[in-house]
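Structural description and commentary
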Amino acid sequence: MKSQNDKSGGISLLPLTAMVVTSAIGSGIFALTSDLAKAAAPGPVLIAWLIVGIGIMALALSLNNLVIKRPDLSGVFDYAEAGFGQYAGFISGWGYWLSCWLGNVAFATVMMSSIGYFIPVFKPGNNWQSILLASIISWILTLVVCHGIESATILNFFITICKLIPLFTFIIFAIILFKLPIFTHHFWYNISGNFNHRHDIGLQVKNCMMVLMWLFVGIEGAANMSSRANKKSDAGKATILGLICLLTIYILASVLPYGYLTQEQLAKMNQPAMVYIFKSMVGNWGGALISIGLVLSTMGSWFSWTILPAETVMLMSNRKLLPEKLGYKNKHGSPTIALIISGLLVQLFLISLLFTQSAYHFAYSLCTAAIVISYILTAAYQIKYSWDNIKQPGNIIQLAIGVIALVFECVGIYMAGFQYVLLCFIAYIPGFFLFAKARQESGQSKIFNKTEILITILICLGALIGVILLVSKKISL
């Protein structure tokens, strides 16, 4: 007998798991080894993976617990609202929405560079030819999602399978060619080279974690799609399964190359490093295979993150956090207006990339900073819910899990670069007007209470500081 939370014709466990994997595995893994080699030796890298693995697993377990315990809620902003009120729900949801479409800008940039491996004109990633092609792809993906989100997630599942094949091929060859003496030669300390000489293990670990935070943006994808799942419990299972897959792939792909090339050689690799490492392993066909995998991987993430921001806006509209019109759904059940708005913003940001030299880094830094706000509120609700129900079996453990997740994400927002949080605050300002409009539509006479006014003022002040730092070039684009 089906429970009331089961839904025939919804999204099943495998596509939900694929949503987690595809949302998280984008471009970062292909540049990961070289980025880590510039920051740390193999020993500190493994310590960093242990810390990040524990922190991200705590977040995933929190999401799993909340999906099971609160099946009436859908998405990270729902948890913030349930725990701390409508305003917190808006802060979380708006940050998540910002993160999703900013992530698409990052994916567009690196995808164009990947195509540049075959067609050199696209290699810069942010010239006018790249912006034009990226814009066309962006609107095609928007059109596909407009024709039905459930069917789009099935297509996303097959994209996930296709993009994992090159990654697994790379891992297999890296295992075969792994040499322990190379791996252990400089296990704890960076060697001298054309990169910073850092012997401090703690500093090496910190610099690794800055690289690793970006890799897990998107693990909440299944939780945010739980309203469309066959069973609510599948969303929780998909989050855990997806994270296990991600950790296995990430750790193997980033650590094994330390046993094939020296740290200095890895640090000097052109980006995306995996392309050139595999080319060194097996010849030209290896570079081509990984480049194809990178295009597919980025396309899959771009596809997933076309769905997620529109779904977030629709759900926020349903919860009276945004105006009702933004939640409009077409005959296919897709949030058309939300998709178009997100598409237009991606388009504007793509055009702006013509004027920045670090397009990919800037976009993914903003994306990471925005989403960590949502993660912090999710972890805080995990703590609050577990404390309020502390007498129920297992909730002491869940409380501890929530504390670990909260501490990890607070450290993460510092490591992501707080200056990028200030820039995200600028994008909150138009959101406040939409939130006020939604409250007016719901008949609330008082738009903001005293606490909300104070938080709004602080965010606006943060935005002003961000603008000043930007104009004075203390923050570079």
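Residues numbered from 1 in each chain as written. Predicted model: local features only at pLDDT ≥ 70, side-chain atom pairs only at ≥ 80, totals over all residues. Heavy atoms only, no water.

Some details on the overall build of the protein
For the protein, the count of helices and strands is 19 helices and 0 strands. Counting the 477 residues in the protein, one finds 60% classified as buried. Within the protein, residue pairs in contact and separated by at least 24 positions form 83% of the contacts whose partners lie at least 6 positions apart. With an accessible surface of roughly 19,000 Å², the protein has 70% of that area assigned to carbon and sulfur atoms. (Helix = DSSP H or I, 4+ residues; strand = E, 2+ residues; numbered from the N terminus. Buried < 20%, exposed > 50% of the residue type's maximum accessible area, 1.4 Å probe, protein only. Contact = heavy atoms within 4.5 Å. Areas by Shrake-Rupley, 256 points an atom, 1.4 Å probe, with all protein chains shown as cover.)

Description of the nonpolar core
Ranked by internal contacts, the top residues of the largest apolar core, which has 147 residues, are Trp49, Phe216 and Tyr428. In terms of residue count, the dominant contributor to this core is helix H5 (residues 86-115) (18 residues). Not counting chain neighbours up to four residues away, the residues in contact with Phe216 comprise Trp49, Val52, Ile56, Leu243, Leu246, Leu247, Tyr250 and Tyr375. (Core = buried A, V, L, I, M, F, W, Y, C linked by side-chain atoms within 4.5 Å.)

Comments concerning the packing of aromatic side chains
A full pass over the atoms with the stated rule returns 23 aromatic pairs. Ring centres 6.4 Å apart and planes at 5 degrees place the aromatic pair Tyr87 and Phe432 in the stacked group. Taken together, the positions of Tyr87 in helix H5 and Phe432 in helix H18 (residues 418-441) put the pair 345 residues apart, joining distant regions of the chain. Residue Tyr87 is classed as buried on the basis of its relative accessible area, which comes to 4%. (Phe/Tyr/Trp six-rings, centres within 6.5 Å; stacked < 30°, edge-to-face > 60°.)

Focus on the pattern of salt bridges
In total, this model carries 6 salt bridges according to the counting rule given. Among the salt bridges present, the one from Arg70 reaches Asp72, with a minimum N-O distance of 2.7 Å. We classify Asp72 as partly exposed; its relative accessible area is 48%. In this structure, the salt-bridge partner of Glu452 is Arg439, at a minimum N-O distance of 2.8 Å. One end of the pair, Glu452, is in helix H19 (residues 450-471); the other, Arg439, is in helix H18, with 13 residues separating them in the sequence. The two residues Glu452 and Arg439 agree in class, both being buried. (Salt bridge = Lys/Arg side-chain N within 4 Å of Asp/Glu carboxyl O.)

Concerning unusual backbone geometry
Residues apart from glycine generally show negative phi values, whereas peptide bonds are mostly found in trans. At Lys320, a residue that is not glycine, the phi angle is positive and equals roughly 65 degrees. Within the secondary structure, Lys320 sits in the loop between helix H14 (284-318) and helix H15 (336-352). Relative accessible area serves as the criterion here: at 41%, Lys320 is assigned to the partly exposed category.

Notes on empty space enclosed by the protein
Sizing a probe to match a water molecule and rolling it over the atoms shows the empty space that remains. For the structure shown, the criterion picks out 3 cavities of 30 Å³ or more. Of the volumes computed, that of the largest cavity is approximately 80 Å³. Around the largest cavity, the lining residues are Asn104, Ser138, Thr142, Trp302, Trp305, Thr306, Pro309, Leu339, Ser342, Gly343 and Val346. Looking at the lining of the largest cavity, the elements that each hand over two or more residues are helix H6 (128-146), H14 and H15. (1 Å grid on protein atoms, 1.4 Å probe; cavity = no way out; pocket = protein on both sides within 12 Å on 5 of 7 lines; lining within 4 Å. Points joined across faces, edges and corners; volume = space filled by probe spheres on them.)

Topic: a nonpolar patch on the surface
Residues Trp128, Leu132, Ile136, Ile140, Val144, Ile351 and Leu354 make up a contiguous nonpolar surface patch of roughly 650 Å² in combined accessible area. In terms of residue count, H6 provides more of the nonpolar patch than any other element does, 5 residues in total. Structurally, Trp128 is set in helix H6. On the accessibility criterion, Trp128 (57% relative accessible area) is exposed. (Patch = residues over 30% accessible without salt bridge, like charges linked within 9 Å, V, L, I, M, F, W, Y side chains within 5 Å.)

Quick word on the side chain of Glu409
By the secondary structure assignment, Glu409 is in helix H17 (residues 395-415). What Glu409 contacts, discounting residues up to four positions off in sequence, is Ile56, Leu59, Met213, Val372, Tyr375 and Ile376.

What about the confidence of the model for the protein?
Chain-level pLDDT for the protein is 80 on average; 84% of the residues reach the 70-or-more range. Of all secondary-structure elements in the protein, the lowest mean pLDDT belongs to helix H10 (residues 221-224), at 56, while H19 reaches the highest, 91. Predicted confidence is poor over residues 191-197, with pLDDT under 50, and the contacts of this stretch with residues over four places away or in other chains come to 16 contacts. (pLDDT = per-residue confidence, 0-100.)

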